[in-house]
Amino acid sequence: MPRRPTALEQGALDGLCGVYSIVNGIVWALRTYPHPRPQKQGRRRPSDEELGDLFIVLLSNLVRGHSHLKPIVEGTNSRQLFRLLSKSSDWLRKHRGLALVTRRPFHGRPYVPTTQVAQKLGRHLVRPGTAAILGIEAPFDHWTVVRQVAQQRLLLLDSAGTSQLSMKTWGEGCSRKTGLIHPDNIFLLELTKSKRARKAVA
């Protein structure tokens, strides 16, 4: 008798980890954002209905301009992810009166020491209303959310269920596209009031 098949999970057939990383990043940033008063507009966690709406907005924009659905299966590259983050900022303005500022601190740099990456992430994530998205290199090819830097580990909010990433196994090779993370695939997210928000910059 053949073995009972195991259930497929998110990521087994689809490449939507980039979309999930944006949603998870926004959820985490809202959790730590300093809302002035408890009210409906200032709820920390979006409702399931709001999250479903954001998910549809991101999916619609991901496949826009394509005559096929390959981005859903093959995943998103850094350029597409940045575009989706801009759409997320529009969604936040409408639903929360907030904007999402996105920075790529190591954009275009082929080499950045691991310690410098960890320090940049750590300084960013201790501020309220922040999160970070990292692109993990092959063979994983995965986008995930960093919520905290703890010693030599990155604590994650990950759509595949991974809870942490060791910077020891990552090592200096990350800067040469042979390790887990390439500096160009690091996105720093920060919530700000919409009226003072600047447009996301690369």
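Here, every reference points to the structure presented above.
Now for a quick tour of the structure. Just so you know, these numbers come straight off a predicted model, no measurement behind them. (Residues numbered from 1 in each chain as written. Predicted model: local features only at pLDDT ≥ 70, side-chain atom pairs only at ≥ 80, totals over all residues. Heavy atoms only, no water.)

Turning our attention to the packing of aromatic side chains. For the structure on display, the rule yields 3 aromatic pairs. Measuring from centroid to centroid gives 6.5 Å for Phe82 and Phe187, while their planes differ by 35°, and the two rings are tilted. Of the two residues, Phe82 is situated in helix H4 (residues 78–96) and Phe187 in strand E6 (residues 181–193); the sequence distance between them amounts to 105 residues. Looking at Phe82, the relative accessible area reads 19%, which means it is buried. A relative accessible area of 0% places Phe187 in the buried class. Centre to centre, the rings of Trp143 and Phe187 are 5.8 Å apart; their planes meet at 70°, and the pair counts as edge-to-face. Of this pair, Trp143 sits in strand E3 (residues 142–150) while Phe187 is found in strand E6, placing the two residues 44 residues apart along the sequence. Each of the two residues, Trp143 as well as Phe187, counts as buried. (Phe/Tyr/Trp six-rings, centres within 6.5 Å; stacked < 30°, edge-to-face > 60°. Helix = DSSP H or I, 4+ residues; strand = E, 2+ residues; numbered from the N terminus. Buried < 20%, exposed > 50% of the residue type's maximum accessible area, 1.4 Å probe, protein only.)

Moving on: the sheet that holds strand E4 (residues 153–157). Spatial ordering of the open sheet is given by E1-E6-E2-E3-E4-E5, a layout of 6 strands whose pairing is antiparallel. Each having just a single partner strand, strand E1 (98–103) and strand E5 (164–166) make up the two edges of the open sheet. Strand-to-strand twist in this sheet, taken as the mean axis angle between neighbours without regard to direction, amounts to 35°. As defined by bridge partners, E3 adjoins E4 across 5 bridges and the pair is classed as antiparallel. By the bridge assignment, Gln148 is partnered in E4 with Leu155. Packing of H4 onto the sheet brings it into contact with E1, strand E2 (130–136), E3 and E6, and relative to E1 it is tilted by some 160°. (Pairing = 2+ DSSP bridges. Axes fitted to C-alpha atoms, helices over the stretch in contact; angles between N-to-C directions. Contact = heavy atoms within 4.5 Å.)

A separate point is the environment of Val145. Looking at where Val145 falls in the secondary structure, it is placed in strand E3. A residue is classified by how much of its surface remains accessible, and Val145, at 0% relative accessible area, is buried. Sequence separation between Val145 and Ala132 is 13 residues, and the spatial gap between their C-alpha atoms is 5.6 Å.

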